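A structural walkthrough
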Amino acid sequence: MDARKRVYQDDEKSEESSDDENYVPYIPVKQRKKMELQHIRKRLMQEEEGSGSGAADSSDNNLPADDGEKEEEEEEEEEDIGPNAYISLLDQHSELKKKAEARKETAREKLLKEEQKILESVAESKALKGVAELAKGIEYTDPIKTGWKPPRYIMARPKAYHEKVRKKWHILVEGSDLPPPVKTFREMKFPKPILHALKRKGIEKPTPIQIQGIPTVLSGRDMIGIAFTGSGKTLVFTLPIIMFCLEQERKLPFSNNEGPYGLIVCPSRELARQTHEILRFYMDQLAADGFPSLRPALLIGGVPMKEQMDMVRRGVHIVVATPGRLMLMLDKKMVTLDVCRYLCLDEADRMIDMGFEEDVRTIFSYFKGQRQTLLFSATMPKKIQNFARSALVEPVTINVGRAGAASLDVVQEVEYVKQEAKMVYILQCLQKTMPPVLVFAEKKQDVDAIHEYLLLKGVEAVAIHGGKDQEERIRSVEQFKNAEKDVLVATDVASKGLDFPDIQHVINYDMPEDIENYVHRIGRTGRCGKTGVATTFVNKTVDESVLLDLKHLLMEARQKVPQFLATMQADNEIYLDIGGEVGCSYCGGLGHRIANCPKLEAMQTKQAANIGRRDYLAHNAADW
């Protein structure tokens, strides 16, 4: 038995050694077929030559081949093995990677061209100008001149110094002949009453948007201001207009039925009231110190028009208004913009999105001359910026942080909560922080249901939405601001620009339909350098594209991304950041590109439906 085993092992060893000696490298099937074809071709050629020549030739063919022919055959055999037979796998991998990168670049270029076409197709062909200006072809080429100049020592500093200041405060500026940044309110040449009033409000130093924005406005330049919520944008346009009106009043006092010199348009009544209160505060401080008395007027819906008209008849310097009421009063010649030279659109992108675009264009047509135009918002997509520039003269775009970015002072928490458990879970969330707390919901009926539930549970709460009368809305906001109530439940009317400085916590009962509203909502907390918490309830009813936008917004702000969001992937995730443009250029969402924008799709569907309805109505009218 041992002898047989030994013999068997010896046979195996001999076979292995013979295998090593006769080893032939592996040849792929494709190459083998190629080799076989070549051998067949050779055999056929030899047969043809043999039939055409004599016996001598055939005898010569039987002779051994010379050395040159052998070398040629060896070379052919080497070629048959394959072109990459002697290239390492690492080199092959790098070569394939380069080819893939090249293919990817061409795909990206193709995608960028397609997106540019889409953006051009949805861009407004009609400029944001007044009817008379469009009809007569009036073009203003030079910005308005003002009497303000920064101190000489600031003007004397080199451009490199100003760039260093902008870089330090993360201020991005676009435009020609840029005004220098000014780091203190005293250097901005505000009078002492204004400086004392700022200190009373706890404002010691200007914020980044104010460092660059206030000198730009005081210089008379048109401006697009973009900064995250709670960054002090309101002072950028209110303080300069007060100074301009003060200058006009000193030169020639405003008489009855004269004015306004400045107009500020806001998308909501609450924001208009807040802006009006800020103006009155600083104007009262100036009057108390012996400066000329300035008069602001508030024109909003829900308030008797007679009270507003009495104010306008006395002569006003600044009007703060919502588009609807302002349009009505302009149409009835109750207000004129003959001497108005200053226009500010606060939350400009929200106003255009809310359907006030034609109203804004009509308001422009009431101006009798060139005006200084300012547009401000926390979220202003590229599409809105391009559209807005048509109304501006040599504009300066000031951007502190990405347009549409969330404030880094807000801790964002996203939780998966079933629809039926939301109401109960609000009570648990209220335990996270001390009051005051803001609760947002999309629908009016949800606001009323949450308000009723909280009152039944003993929570001091008030509610506001578009369905409530103006007196109740004013009373609710004042009670909340004065800390008489702990919770304010609201629709998105409270998310646009309202300043609640001490808000500890924002609860989103539902996720908004677009990410811009989410940014505005959570921006009610974490204002002016303070920190806050934002809790958002999501579930399977939320659209996937909105969740993807939310995921990328959380990643950008370095917030904790919950597992159910982290696992979500977009089909074209690798193309979310290309061509220097992050996310969608139409709505500003980070989780998709313009080709897959749900907001654009909804807008196009709505337009198609309206066109169909208009045709149907016109057809019926013709029949009648």
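Residues numbered from 1 in each chain as written. Predicted model: local features only at pLDDT ≥ 70, side-chain atom pairs only at ≥ 80, totals over all residues. Heavy atoms only, no water.

1. Structural notes on the overall build of the protein chain
When helices and strands are counted, the protein chain shows 23 helices and 16 strands. When the 624 residues of the protein chain are sorted by exposure, 46% land in the buried category. The contacts of the protein chain with a sequence gap of at least 6 include a subset with a gap of at least 24, amounting to 75%. Per element, the accessible surface of the protein chain, about 34,000 Å² overall, is 52% carbon and sulfur. (Helix = DSSP H or I, 4+ residues; strand = E, 2+ residues; numbered from the N terminus. Buried < 20%, exposed > 50% of the residue type's maximum accessible area, 1.4 Å probe, protein only. Contact = heavy atoms within 4.5 Å. Areas by Shrake-Rupley, 256 points an atom, 1.4 Å probe, with all protein chains shown as cover.)

2. With respect to the nonpolar core
By size, the foremost hydrophobic cluster in this structure holds 65 residues, and its most contacted members are Phe190 and Tyr282. The element best represented in this core is helix 11 (residues 233-251), accounting for 10 residues. By size, the runner-up hydrophobic cluster in this structure holds 32 residues, among which are Val312, Val316, Val319 and Met351. (Core = buried A, V, L, I, M, F, W, Y, C linked by side-chain atoms within 4.5 Å.)

3. Quick notes on the side chain of Thr275
Topologically, Thr275 is positioned in helix 12 (residues 269-288). When sequence neighbours within four positions are dropped, the list of residues in contact with Thr275 reads Phe237, Thr238, Ile264, Cys266, Val320 and Asp346.

4. Observations regarding the sheet that holds strand 6 (residues 342-346)
Backbone-to-backbone hydrogen bonds join strands into a sheet, with any given pair of strands oriented parallel or antiparallel. The strand order across the open sheet formed by 8 strands is 1-8-2-7-6-3-5-4, and the pairing between neighbours is mixed. What marks the edges here is a single partner per strand, and that holds for strand 1 (171-174) and strand 4 (296-299). Strand-to-strand twist across the sheet, computed as the mean angle between neighbouring axes with direction ignored, equals 15 degrees. Alignment of strand 2 (residues 223-227) against strand 7 (residues 372-377), held across 4 bridges, turns out to be parallel. Residue Ile224 lies in a different strand from strand 7, and its bridge partner there is Leu375. (Pairing = 2+ DSSP bridges. Axes fitted to C-alpha atoms, helices over the stretch in contact; angles between N-to-C directions.)

5. Concerning helix 18 (residues 444-456)
Look at helix 18: 19 Å from first C-alpha to last across 13 residues, which is about the 18 Å you get at 1.5 Å a residue. Restricting attention to buried positions, one finds in helix 18 the residues Val447, Ile450, His451, Tyr453 and Leu454. The arc enclosing the buried residues of helix 18, seen along the axis, measures out at 165 degrees, which places them on a common side. The exposed residues of helix 18 that point more than 90 degrees off its buried face are Gln445, Glu452 and Leu456. Close packing links the buried residues of helix 18 with helix 17 (422-429), strand 10 (437-440), strand 11 (461-464) and strand 12 (487-490). Of the residues flanking the end of helix 18, it is Gly458, one or two places downstream, whose phi is positive at about 85 degrees. (Expected span 1.5 Å × (residues − 1). Arc of directions from axis to C-beta.)

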